[in-house]
Amino acid sequence: MEVKPVKGTHDILGSETLLYQRIEDSLAKIAHTYGYLEYRTPIIEHTELFSRSVGGSSDIVRKEMYTFFDKGNRSLSLRPEVTASIIRTIVNNKLYASADLPIKASYIGPAFRYERPQAGRYRQFSQFGVEAVGLDSHLIDAEVISLGYHALKSLEFKDITLKINTLGDDESRNNYRGALREYFTNHIHSMCSDCQERLQTNPLRILDCKVEEDRQIIKGAPRIQDFLSKASKERFDKTVNLLDALNIKFDIDESLVRGLDYYSEVVFEYHYIAPDGKTIGALGGGGHYSHLVEELGGPNLSGVGLSFGIERLAQVIASERLLSEAFPLLAFYVMPVGEIDLEKIYHITEKIHRLGYPCEMSYEVRPLKTLFKRAERRAALFAVIVGSEELEKNVITLKNMRTKEQSVVALDDFERVAEQVVEEEIIAIGETR
RNA sequence: GCGACCGUGGUGAAGUGGUUAACACAUCUGGCUGUGAACCAGACAUUCGUGGGUUCGAUUCCCAUCGAUCGCCCCA
């Protein structure tokens with residue numbers, strides 16, 4: 001009986017992995033540029049960590065967590081996101097006491113949510129993100145938003161929609177939440193069942209509802225802008241003005257709420273709309289949090305963070321053919337010809353490995369026709385043809401797969417020729433793209 | 001959690017209640033002792049996701065189940 005992969009998981013194989021590595025390298029580099037160092041935390045945590053951070057009223061905690069009891073009867077969960085773990089380790093290690101603030105952490109790794117898989121959504125997926133903890137300023141909010149924006153730019157995304165909103169501070173939100181409850185209570189009988197539930201749990205979420213009839217009602221709802229405290233309003237204006245000055249385009253979207261309970265003040269999401277109009281939800285998003293550190297047992301420090309879904313990035317990059325030039329190729333494919341000692345061919349191949357070039361040999365003698373097909377499949381730059389004629393003279397026949405030009409090279413001279421010819425070919429290929 | 005649609009070889013796929021399950025690509029063998037094309041001949045699914053039912057007979061009809069894909073919800 002064949003064993004299938006677990007629903008919502010996926011294998012990443014061979015050349016696809018090259019794309020993932022390319023994306024991850026690019027993201028890590030951006031984070032490093034902004035001064036964020038990578039933190040690696042476990043993928044299993046005490047369930048309590050997430051119920052206290054992500055929030056008991058969030059869908060993520062209520063119905064999407066992989067929760068189980070271990071043999072010591074501890075309730076553990078696979079992490080549905082990484083922010084909580086980063087904050088936990090900052091608190092555990094009391095980094096706030098010794099490090100300069102803000103503490104800047106980046107992360108990359110798997111997260112798990114039990115949802116129905118669909119386009120750009122998996123039960124195990126990878127997140128990249130950053131957290132800046134311990135500085136309460138529009139400067140750091142803008143920095144994180146800018147970092148995300150430029151991360152997408154570095155991956156050659158062109159049409160990014162950046163949505164921004166503010167949820168205000170505690171005072172603003174309490175007042176606003178009360179006003180929303182009051183408003184929607186009068187209309188709730190004609191609204192969808194989800195909204196009826198949201199009215200109890202988190203009325204802010206009603207603003208996100210996609211049901212057409214409900215949207216009409218939502219249009220008349222009170223707006224957060226009218227309930228913002230002076231401090232929140234000023235802070236948001238400063239953030240937005242700074243982004244303007246940085247030449248980052250964004251849309252203010254008052255319906256943007258986000259499903260994790262710990263956010264306050266600025267929140268944002270990055271969206272991509274394909275030329276054919278298709279979307280796959282948010283590529284990434286984040287926001288500011290005021291009480292998360294305290295909630296997890298640390299001092300009263302605020303933070304701001306963002307995260308991206310690697311699979312979603314990869315999906316767009318693959319379908320829009322971004323980054324197509326970036327993949328490493330096989331430099332040499334070694335082809336044995338005729339009746340020949342394959343060990344001698346292997347020695348030549350080993351020599352090329354020692355020089356540091358990606359290289360493979362055919363482990364069997366096949367018609368050259370077949371070997372050329374294999375070389376093509378491997379996107380090899382050069383064929384190295386070796387038969388008894390070559391072995392006798394201590395040479396190899398070197399053929400450029402693209403131009404089909406062919407020359408005979410002395411084995412003793414191979415290192416020098418290879419260096420020159422590979423470099424030239426990489427440049428030439430770059431120019432034809 | 002709700003809904004739609006699908007499940008035939010390595011891949012893309014056609015098909016029918018009844019005897020050899022099309023076709024194409026890929027792969028392999030040979031025609032052709034060493035150069036990527038083309039051509040020719042041949043090989044390649046004891047079997048149509050899994051389990052059950054209807055039937056003389058099921059890949060085809062029915063039910064269940066699992067899985068893929070997509071939409072809603074939510075989010076990455």
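Below, the structure is looked at part by part. (Residues numbered from 1 in each chain as written. Chains lettered and ligands numbered in written order. Predicted model: local features only at pLDDT ≥ 70, side-chain atom pairs only at ≥ 80, totals over all residues. Heavy atoms only, no water.)

**Remarks on the environment of Phe-50**
Then, number 1: Mapping Phe-50 onto the fold places it in helix H2 (residues 47–55).
Then, number 2: Considering only alpha carbons, one finds Phe-50 and Leu-78, 28 residues apart in sequence, at a separation of 9.8 Å.
Then, number 3: Ignoring anything within four residues of it in the chain, the contact list for Phe-50 reads Glu-45, Gly-55, Val-61, Met-65, Ser-77, Leu-78, Arg-79, Pro-80, Glu-81, Ala-84 and Ser-85. (Helix = DSSP H or I, 4+ residues; strand = E, 2+ residues; numbered from the N terminus. Contact = heavy atoms within 4.5 Å.)

**Observations regarding unusual backbone geometry**
Then, number 1: The omega torsion of the bond from Leu-101 to Pro-102 falls at 0°, within 30 degrees of zero and hence cis.
Then, number 2: Along the chain, Pro-102 turns up in the loop between helix H5 (95–98) and strand E5 (103–112).
Then, number 3: Within the chain, Glu-156 stands out as a residue other than glycine whose phi angle is a positive 70°.
Then, number 4: Checked against the element boundaries, Glu-156 lands in the loop between helix H6 (138–154) and strand E7 (160–166).
Then, number 5: With relative accessibility at 29%, the residue Glu-156 sits in the partly exposed group.
Then, number 6: In this structure, Asn-394 is a non-glycine residue whose phi angle is positive, near 60°.
Then, number 7: When you line up the elements, Asn-394 lands in the loop between helix H15 (388–393) and strand E15 (395–400). (Buried < 20%, exposed > 50% of the residue type's maximum accessible area, 1.4 Å probe, protein only.)

**Things to note about the environment of Gly-297**
Then, number 1: Its place among the elements puts Gly-297 in the loop between helix H11 (292–295) and strand E11 (303–309).
Then, number 2: Under the relative-accessibility criterion, Gly-297 is labelled exposed at 56%.
Then, number 3: Between the C-alpha atom of Gly-297 and that of Ile-87, which follows or precedes it by 210 residues, the distance is 9.7 Å.

**Focus: the pattern of salt bridges**
Then, number 1: Scanning the entire structure with this criterion turns up 22 salt bridges.
Then, number 2: Residue Arg-354 pairs with Glu-350 through a salt bridge whose shortest N-O separation is 3.0 Å. Of this pair, Arg-354 and Glu-350 both sit in helix H13 (residues 342–355), separated by four residues, roughly a single helical turn.
Then, number 3: Judged by relative accessible area, which is 26%, Glu-350 ranks as partly exposed.
Then, number 4: In the salt-bridge network here, residues are joined through shared partners; they are Glu-48, Arg-52 and Glu-295. (Salt bridge = Lys/Arg side-chain N within 4 Å of Asp/Glu carboxyl O.)

**Regarding the pairing of strand E12 (residues 332–336)**
Then, number 1: The buried fraction of E12 is high, at five of five residues.
Then, number 2: Residues Phe-332, Val-334 and Pro-336 point to one face of E12 and Tyr-333 and Met-335 to the other, with burial holding for every one of them.
Then, number 3: Sheet analysis places E12 next to strand E13 (residues 359–361), joined by three bridges and oriented parallel. Residue Val-334 lies in a different strand from E13, and its bridge partner there is Met-361.
Then, number 4: The parallel pair E12 and E13 is bridged by H13, and the resulting crossover is right-handed.
Then, number 5: Both E12 and strand E14 (residues 382–386) contribute to a ladder of five bridges, which runs parallel. Bridge assignment links Pro-336 to a residue of E14, and that residue is Val-386. (Pairing = 2+ DSSP bridges. Right-handed = clockwise from strand over helix to strand, strands pointing away.)

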